[in-house]
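Descriptive analysis of the structure
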Amino acid sequence: MHILKMQNKGSYHPIKIKPANLMRYYIITGEHSGDIHGADLIAHLKQADPKADFWSCGGAAMAQAMGKLPNIDTSTMGYIGLDFLKSIYTLWQRLRCCKQALIEYHPAVVILIDYSGFNMRLADFAKKRGYIVYYYIPPKIWAHHPKRIKQIKKNIDKVLSILPFEVAYYQNNGYHTIDYVGNPLVQKVATHRANATFLTDNGLPDKPIIALLPGSRLDEIERILPHIMVQGNELEAYQLVVAGLSHIPSQVYQKLLLPHVKI
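Notes on the structure follow. (Residues numbered from 1 in each chain as written. Predicted model: local features only at pLDDT ≥ 70, side-chain atom pairs only at ≥ 80, totals over all residues. Heavy atoms only, no water.)

1. Details of the nonpolar core
- Formed by 33 residues in total, the largest nonpolar core has its most connected members in Y26, I28, L112 and I156.
- Of all the elements, helix α4 (residues 88–105) adds the most residues to this core, at seven residues.
- In terms of nonpolar packing, the next biggest core, distinct from the first, is built from 18 residues, M66, V109, Y136 and I162 among them. (Core = buried A, V, L, I, M, F, W, Y, C linked by side-chain atoms within 4.5 Å. Buried < 20%, exposed > 50% of the residue type's maximum accessible area, 1.4 Å probe, protein only. Helix = DSSP H or I, 4+ residues; strand = E, 2+ residues; numbered from the N terminus.)

Following this line, the structure appears as structure tokens:
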């Protein structure tokens, strides 16, 4: 059974329903970082249960981990601020498609990853229909929107945190089904091996580097990089290098950078 037709240059892909006896996971994220974390999660779940079936609202990394296209490609969903307001109708359409896919796919567990503005709405929809809802990388309510704890208590069966202090914060605010599961970035750094030819490969001089990490969302990059560039000329002893992302065109970075800053 297929439920979604191809639309908008391949953003939406059909779901083929698997036999009912398989463990089904529907995983939803809307950002590049969440897509990477979701792919790692899928890989670990496959190790624990090779017969498990997955569908996603995700990007290229999750698609590769699943071995099939997501029902919704989220590569252009990372909107915040004014960019979000411009794209509110597109996001509303994709939320509607996620809801439809959830009903038709009928997963055993819904796993939300980060992307709280979108996923908290989906959590409410899923819980009202009786689905088990997990939240991996939950809303940072200790930094903003603390009243969301009420929605989390109501709609989230279990929170899987990557920040150890979040467990105490959530518990002190009356939510106790939370576990610290480790931080995937720490694990990646621990296994990373430095590239001895990095400077040569990227045409960089033999000079200490300060890495600039302005985020994975277009609006974040456009807001944050100009503020960093204000201090750019005061760090002459170092070379500034932006960690660019493959899904962001290089022109986006270049128009915001000082001439001596590299991508």
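That shown, we press on.
2. Some points on a nonpolar patch on the surface
- Together, I88, Y89 and W92 line one region of the surface with nonpolar side chains, adding up to about 360 Å² of accessible area.
- Structurally, W92 can be placed in helix α4. (Patch = residues over 30% accessible without salt bridge, like charges linked within 9 Å, V, L, I, M, F, W, Y side chains within 5 Å. Areas by Shrake-Rupley, 256 points an atom, 1.4 Å probe, with all protein chains shown as cover. Salt bridge = Lys/Arg side-chain N within 4 Å of Asp/Glu carboxyl O.)

3. Some remarks on the layout of surface pockets
- Considering only enclosed or pocket space, the largest pocket measures out at about 1300 Å³ in volume.
- If you trace the largest pocket, you find 41 residues lining it, with E31, S33, D114, S216 and R217 closest to the centre.
- Of all the elements in the fold, those that place two or more residues in the lining of the largest pocket are α1 (32–48), α3 (81–86), α4, α5 (116–128) and α8 (184–191).
- The class makeup of the residues in the lining of the largest pocket is 20 nonpolar, 13 polar and eight charged. (1 Å grid on protein atoms, 1.4 Å probe; cavity = no way out; pocket = protein on both sides within 12 Å on 5 of 7 lines; lining within 4 Å. Points joined across faces, edges and corners; volume = space filled by probe spheres on them. Nonpolar A, V, L, I, M, F, W, Y, C, P; charged D, E, K, R; others polar.)

4. Describing the pattern of salt bridges
- In total, this model carries five salt bridges according to the counting rule given.
- Linking K158 and D179 is a salt bridge whose minimum nitrogen-to-oxygen distance equals 2.9 Å. Pair noted here: K158 is in strand β6 (residues 158–161) and D179 is in strand β7 (residues 178–180), with a separation of 21 residues, a long-range link.
- You can call D179 partly exposed: its relative accessible area is 34%.

5. Side note on the packing of α4 against α5
- It is the contact of α4 with α5, at a shortest axis distance of 11 Å, that shows an interaxial angle of 35°. Like other packed secondary-structure pairs, α4 and α5 cross with a definite hand, here right-handed. From α4, L91, R94, L95, C98, K99, L102 and I103 reach across to α5, where they touch F118, R121, L122, F125 and A126.
- Split into classes, the residues belonging to the contact of α4 with α5 amount to nine nonpolar, no polar and three charged. (Axes fitted to C-alpha atoms, helices over the stretch in contact; angles between N-to-C directions. Left-handed = near helix turned anticlockwise from the far one by under 90°. Contact = heavy atoms within 4.5 Å.)

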